[in-house]
Amino acid sequence: MKKILLGLITMSLLFSSCKKNLDNEFFNPENYDKTGNLFGGLFTRTMFNWKIYVQDYGEYWWEIAGSGAMGVLGYTQVSQRYITNRYDWFGSYDDLSGTNGFGNATSLWQGRLGSFYTGLNTWAVMKDNLTKVSGQELDDNQIYFELTSVIKDYAALLAVDFYNSIPYSEAFKGSERVFFPKYDDPKGIYVGVLDELKRISEELPAVYDKMSASAKATFNTQDIAFKGDLNKWIQYINAIRLKYALRISGVEEQTAKTHIQDVLSKNNLPAADMVFVMPYALDPRNGGEWVRGLNEGWPGTFIPDIIMRRMNKNNVLYEAGTDDPRLPVIAFPTNKSNLTATPAVGAYQGVNMNADGQKPGYDGGERYYTGGILGDINEHLAQNSRSLYNFVTITLNDKFPVYMMSLAEVDLLLAEIAAKNLGSTGKSAGEHVKDAITHSTDFWYARNAESSYVTNVPVLHPGKPSSATIAMYADSLSARVNNRGALEEKMELIMQQKFIHLNVMCPYELWTEQRRTRHPKLEPLTFNTKVMKPFPERLRYPTAEQQNNPDNYNTVKGEDNFTSPIFWVPQNLRTVNPYWDNYNYE
């Protein structure tokens, strides 16, 4: 079996409790031995780094369980508890000071910025060591630096999306004795990264062509994402250029159009979902990945109505052609299911933010199995009155892949581009939404099919709907988008589809898109007659910044709160609070 080299970072630091599963798959070269071990190892180590592509158990736990479902997932209404007044802490749901409500759990806002710098220090090590090699040795390893630069750039934009201004241009310069980096203008970071990604995508083929045959073989092994397929890397870069150019289109339209049109002219976007499999089975009981956070925080993983009511249109029972074809694999069925039918028919019902309105049903016995997700599967089916995220497809799926990009996400980017006339996509916004539903259905049924959990319960492993059934539903959504006259009405439908597709798998991406577009609309929380409509705009800087980099921190201190919009929010949307006044759904 070929070994993958993981650079100079010890396995215990990188994988913690997963080390026992990896001993036979990886080894850790202690010294650079002139065979590419250092550069290839650092590249692979960066790909595996938590909070870039591989999502973190601790972060999800704090978001869902540690904060009482009052973190990003709850406020964005991606995932929530079955709220009634038994959860008295929801009385402070509108507190955006960080004392009680949003920000009360510090794991995310204290940890994300630090993770960017510690996780991407591999880039700095690689950069320094490239100056020490030349000739064929340099040619064989340059590709690792270029691709690690792509990862660094992507991670930098993630950090900007959380914090706005961040130290960037002077970061990763410890070897140059720059220990107190300045905070850069976030728009400048975005524009610089987009330009660098364009350069890298154009230069990669020549970089690859200079590699020796043996170096290419090593690259094929080290590249855990695309197995050495350079064109897939170029497609991925094009996709993130498209995403982040679109993200700044409301404040930097010409720059955005230039990049969008350049990407579209190349006609080389992803041709398949871009995911990769971890080299070991995920462990929702003891592992370090996000699914363990969902498992342990399961009371906060009910599906909110802003997602559920978009998928389940009328009756609680799934109706093929009327309801979203993804519903049976994204949501867990309730006790109203008809399991004696052939085939069995699941029933699905979400939770809403009208806690007062939900209380009579809860008090009347519409509760759920309290034995936890790892309890008796039959008791879940018999007792659950509301739908959790499907733990067959997601939470207990030990093969759930690491997500980078998907066809459906690209389709929805193209739908917004078409709706806003930012580039020529060749299709209407509605046609792109139709593509997104088709591709998203493929994506989520593939996740369900790969899961080995309770394969003997047919309703939990449903057959994929026919192409005609999927098309019937997709056509109806496509027509709705195209028939909406106002741009904001189109955007509401496009972002609803983004929430359905990315759901609990990518909640931070959804929070970003919701802050940028003010869609989809949220339900106000009604709790003990108090109606609350809080809208957190960003994370605060970790307190260590005030202590360790005080002079530079003082330049951004004025925006260090949870309520200042990120730079990419258009001026006309900065005062828009995306809540309904009621609980009526179209």
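Residues numbered from 1 in each chain as written. Predicted model: local features only at pLDDT ≥ 70, side-chain atom pairs only at ≥ 80, totals over all residues. Heavy atoms only, no water.

Caption draft 1: Highlighting the overall build of the protein chain. Counting its secondary structure elements, the protein chain contains 24 helices and 8 strands. The C-alpha radius of gyration of the protein chain comes to 24 Å, within 12% of the 25 Å expected for a compact globule of 586 residues. Summarising its shape, the C-alpha atoms of the protein chain cover approximately 75 × 55 × 45 Å along the three principal directions. Pairs at least 24 apart in sequence give 73% of the contacts found in the protein chain among residues at least 6 apart. In the structure as shown, the protein chain presents an accessible area of about 21,300 Å², 49% of it carried by carbon and sulfur atoms. Once the 58 positive and 66 negative side-chain charges of the protein chain are each reduced to a mean point, those two points are 1 Å apart. (Helix = DSSP H or I, 4+ residues; strand = E, 2+ residues; numbered from the N terminus. Rg over C-alpha atoms; globule rule 2.2 N^0.38 Å. Contact = heavy atoms within 4.5 Å. Areas by Shrake-Rupley, 256 points an atom, 1.4 Å probe, with all protein chains shown as cover. Lys, Arg positive; Asp, Glu negative; His and termini not counted. Charge placed at Lys NZ, Arg CZ, Asp CG, Glu CD.)

Caption draft 2: Layout of unusual backbone geometry. Following T342, the chain continues to P343 via a peptide bond in cis, the omega torsion being -5°. By the secondary structure assignment, P343 is in the loop between α15 (327–330) and α16 (355–363). For N164, which is not glycine, the phi dihedral falls at a positive 80°. Not every positive phi belongs to a glycine, and V454 is a case in point at roughly 40°. Within the secondary structure, V454 sits in the loop between α19 (429–450) and α20 (467–483).

Caption draft 3: Spatial organisation of the packing of helix α21 (residues 487–502) against helix α22 (residues 507–517). At their nearest, the axes of α21 and α22 sit 10 Å apart, and the two run at 170° to each other. In terms of orientation, α21 lies roughly antiparallel with respect to α22. Residues E488, M491, M495, K498, F499 and L502 of α21 pack against E509, L510, E513, Q514, R516 and T517 of α22. Residue classes in the contact of α21 with α22 are distributed as 5 nonpolar, 2 polar and 5 charged. (Axes fitted to C-alpha atoms, helices over the stretch in contact; angles between N-to-C directions. Parallel < 35°, antiparallel > 145°, perpendicular 65-115°, else oblique. Nonpolar A, V, L, I, M, F, W, Y, C, P; charged D, E, K, R; others polar.)

Caption draft 4: Just the side chain of H380, in detail. Note that H380 resides in helix α17 (residues 377–383). Excluding anything up to four places from it in sequence, H380 contacts F332, Y369, G372, I373 and F391.

Caption draft 5: Expanded view of the packing of aromatic side chains. If you walk through the whole model with that rule in mind, you get 46 aromatic pairs. Aromatic side chains Y82 and Y362 sit 5.4 Å apart centroid to centroid with 90° between the ring planes, which places their arrangement in the edge-to-face category. A residue pair is termed long-range when its members are at least 10 positions apart, and Y82 in the loop between α5 (72–75) and α6 (107–119) and Y362 in helix α16 qualify at 280 residues. Of the two residues, Y82 and Y362, neither departs from the other in class, the shared state being buried. Seen in terms of ring centroids, Y163 and Y541 are 5.8 Å apart; in terms of plane orientation they differ by 10°. Their pairing is stacked. Here Y541 lies in the loop between β8 (530–532) and α23 (543–548) and Y163 lies in helix α8 (residues 135–163), a separation of 378 residues in the sequence. Just as Y163 is buried, Y541 falls in that class too. Geometry around Y362 places R86 over its ring, the cationic atom sitting 4.0 Å from the centre. Its guanidinium or amino end placed over the ring of Y541, R538 lies 4.7 Å from that ring's centre, counting from NZ or CZ. (Phe/Tyr/Trp six-rings, centres within 6.5 Å; stacked < 30°, edge-to-face > 60°. Buried < 20%, exposed > 50% of the residue type's maximum accessible area, 1.4 Å probe, protein only. Lys NZ or Arg CZ within 6 Å of the ring centre and 35° of its normal.)

Purely geometric stuff here, so don't read any function into it on its own.
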